[in-house]
Every structure is written in C-alpha cells, then in structure tokens.
Amino acid sequence: MPVRIGDEAPDFTAETTEGTIRFHEWIGDKWAILFSHPKDFTPVCTTELGYMAKLKPEFDKRNTKVVGLSIDPVTDHKAWAKDIQETQGTAVNYPMIGDPDLAVAKAYDMIHPNASGGKRTAADNATVRTVFLIGPDKKVKATLAYPMSTGRNFDEVLRLLDSVQLNAKFTVATPLNWKPGQDVIIPASVSDEDAKKKYPQGFKTHKPYLRTVTQPK
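Reading guide: rules and limits
- Residues numbered from 1 in each chain as written.
- Predicted model: local features only at pLDDT ≥ 70, side-chain atom pairs only at ≥ 80, totals over all residues.
- Heavy atoms only, no water.
- Axes fitted to C-alpha atoms, helices over the stretch in contact; angles between N-to-C directions.
- Helix = DSSP H or I, 4+ residues; strand = E, 2+ residues; numbered from the N terminus.
- Parallel < 35°, antiparallel > 145°, perpendicular 65-115°, else oblique.
- Contact = heavy atoms within 4.5 Å.
- Nonpolar A, V, L, I, M, F, W, Y, C, P; charged D, E, K, R; others polar.
- Salt bridge = Lys/Arg side-chain N within 4 Å of Asp/Glu carboxyl O.
- Buried < 20%, exposed > 50% of the residue type's maximum accessible area, 1.4 Å probe, protein only.
- Pairing = 2+ DSSP bridges.
- Expected span 1.5 Å × (residues − 1).
- Bend = angle between axes of the 7 residues up to and from the residue.

Below, the discussion takes up the packing of helix α2 (residues 43–61) against helix α3 (residues 74–88). Across the interface, α2 lies against α3 with an axial gap of 9 Å and an inter-helix angle of 75°. The angle between the axes of α2 and α3 places the two elements in the roughly perpendicular class. Along its contact with α2, which presents C45, T46, T47, L49, G50 and K54, the element α3 presents W80, I84, T87 and Q88. Residue composition of the contact of α2 with α3, grouped by class: four nonpolar, five polar and one charged.

Relative to the elements of secondary structure, E193 occurs in helix α6 (residues 192–198). Placed 177 residues apart in sequence, E193 and T16 show a C-alpha to C-alpha distance of 51 Å.

What follows is about the pattern of salt bridges. What the rule picks out here adds up to twelve salt bridges. For E58, the salt bridge goes to K61, with nearest N and O atoms at 3.1 Å. In this pair, E58 and K61 both sit in helix α2, three residues apart, roughly one turn of the helix. Judged by relative accessible area, E58 falls into the partly exposed class, the value being 26%. Judged by relative accessible area, K61 falls into the exposed class, the value being 63%. With its nearest N and O atoms 3.0 Å apart, the salt bridge here joins R62 to E58. The class for R62 is buried, based on a relative accessible area of 19%. A single salt-bridge network, built from bridges that share partners, covers E58, K61, R62 and D162.

Take the pairing of strand β1 (residues 13–16) next. Of the two faces of β1, only the one carrying A14 and T16 is buried; T13 and E15 on the other face are not. In this structure, β1 lies alongside strand β2 (residues 19–22), joined through four bridges in antiparallel fashion. Bridge pairing links E15 to T20 in β2. What sits between β1 and β2 in their antiparallel hairpin is a turn of two residues.

Before going further, it helps to spend a moment on α2. Taking 1.5 Å as the rise per residue, α2 with 19 residues should run 27 Å; its terminal C-alpha atoms sit 29 Å apart, in good agreement. In α2, a bend of some 45° at L55 exceeds every other bend along the element, and P57, a proline, comes one to four places later. In this structure, the buried side of α2 is in contact with β3 (31–37), β4 (64–70), α3, β5 (96–98), β6 (129–134) and α5 (154–170). Where α2 ends, the next residue or the one after it, N63, has phi of about 60°, a positive value.

Structural data, given as structure tokens:
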C-alpha cells in the first residue's frame with residue numbers, strides 16, 4: 001500500500017553504516033528525512049549523497065535527523081562512501097540503511113511489490129528517488145518522488161521542512177516559492193476574529209479567502 005501524507009511511517013529494524021537502528025526509536029523526539037537511492041555506485045546518487053552531507057548541519061539546526069537507503073548491503077555502502085568523499089569533497093555524515101532484501105523499500109512503496117533482491121543493475125527493479133519527511137509523532141508530513149534520471153533538489157527539501165515545521169508551530173500556510181522570513185498565509189480555518197487576536201499587529205486581506213501576515217517567530 002502507498003505511504004501517504006498523514007500515515008504513520010512504517011517502523012522497521014535495519015542495519016546501517018552506523019549500526020542497527022529501530023526506525024521510530026532512532027527518530028525519538030526529532031524530525032527525520034528518509035531518502036532512497038536505486039543502487040550504490042551510481043552517478044546521480046553519488047552527487048546527491050555528497051550534497052546532503054554538506055547540508056546536514058542545516059538539518060541539525062532544525063532538529064532533524066537524516067538517513068539514506070539503498071538496496072545494497074552495508075558493506076557496499078561503506079565502500080561507496082569513499083568514492084563520494086573523493087568526488088564530492090564531503091564525507092557521508094549520516095547513516096545509510098542496507099536493504100538487500102527490499103523490506104524497507106517495499107514497506108514504503110519505493111519499489112514494485114513483486115521485486116526481488118539478489119544481483120541487480122540500477123535499472124532492474126529500480127527504486128524511485130523518494131523523500132519522506134517524518135515528524136516527531138512518526139507521521140509522514142510530506143513526500144517527494146523523482147525518476148531515476150533526475151537528481152533531487154535538496155535545497156527544496158530544506159525549504160519544505162521549514163514550511164512544514166512553521167505550520168506545525170503556528171498553523172500557517174506558505175505561498176508559492178516561499179522562503180523563510182517572507183509573509184505567510186492565514187488558513188481559511190482561522191476566522192477574522194481569531195486572526196485579529198492571534199496577530200494584533202495586523203494582517204492583509206487580499207480576498208476573504210486570502211490573508212497574509214508577517215511570518216511569526
């Protein structure tokens with residue numbers, strides 16, 4: 001079954017490059033980013049893992065853990081990490097899940113349910129480049145899916161995290177192309193009366209259904 005926004009993220013126990021983890025326990029009271037890759041020693045994935053390592057301090061500031069997954073054993077991940085550091089200039093600084101039996105990939109609907117493990121090429125039974133943003137309550141807050149041929153924009157993942165965390169704290173929405181510090185939207189579920197109490201500094205009504213306010217801090 002697909003894992004949808006609002007669902008509880010499937011729990012699992014798996015081997016990683018940093019030891020065995022039980023996923024929900026590993027998340028603890030933090031947020032989490034789980035992102036998958038079709039296979040080790042592949043070009044697009046190599047660039048993605050390196051850039052995510054560069055961004056990890058930004059995720060740390062946001063109380064967010066990062067974990068990758070590739071349907072290869074942990075021993076391969078550790079060997080691949082050397083290539084990533086050499087070519088991307090940054091060592092992988094987060095755990096990588098080994099999933100040779102495809103258990104996690106299937107639990108998160110990243111791969112066809114009839115796919116099997118064993119010797120594979122990047123194109124055989126390929127996982128989608130999927131991102132799951134998971135909250136401290138272990139619920140899926142957002143997902144992204146890319147084809148194998150397209151590297152993800154992890155700056156957008158960071159922006160998405162900022163928006164979701166802002167909504168969780170203040171119950172606001174963010175407009176298109178929003179960046180932290182810009183005005184946000186007051187949801188339609190908040191009445192004008194309640195909005196005046198919540199935002200005594202005032203807000204702008206563009207239409208009865210479109211009201212914006214300075215981003216709360």
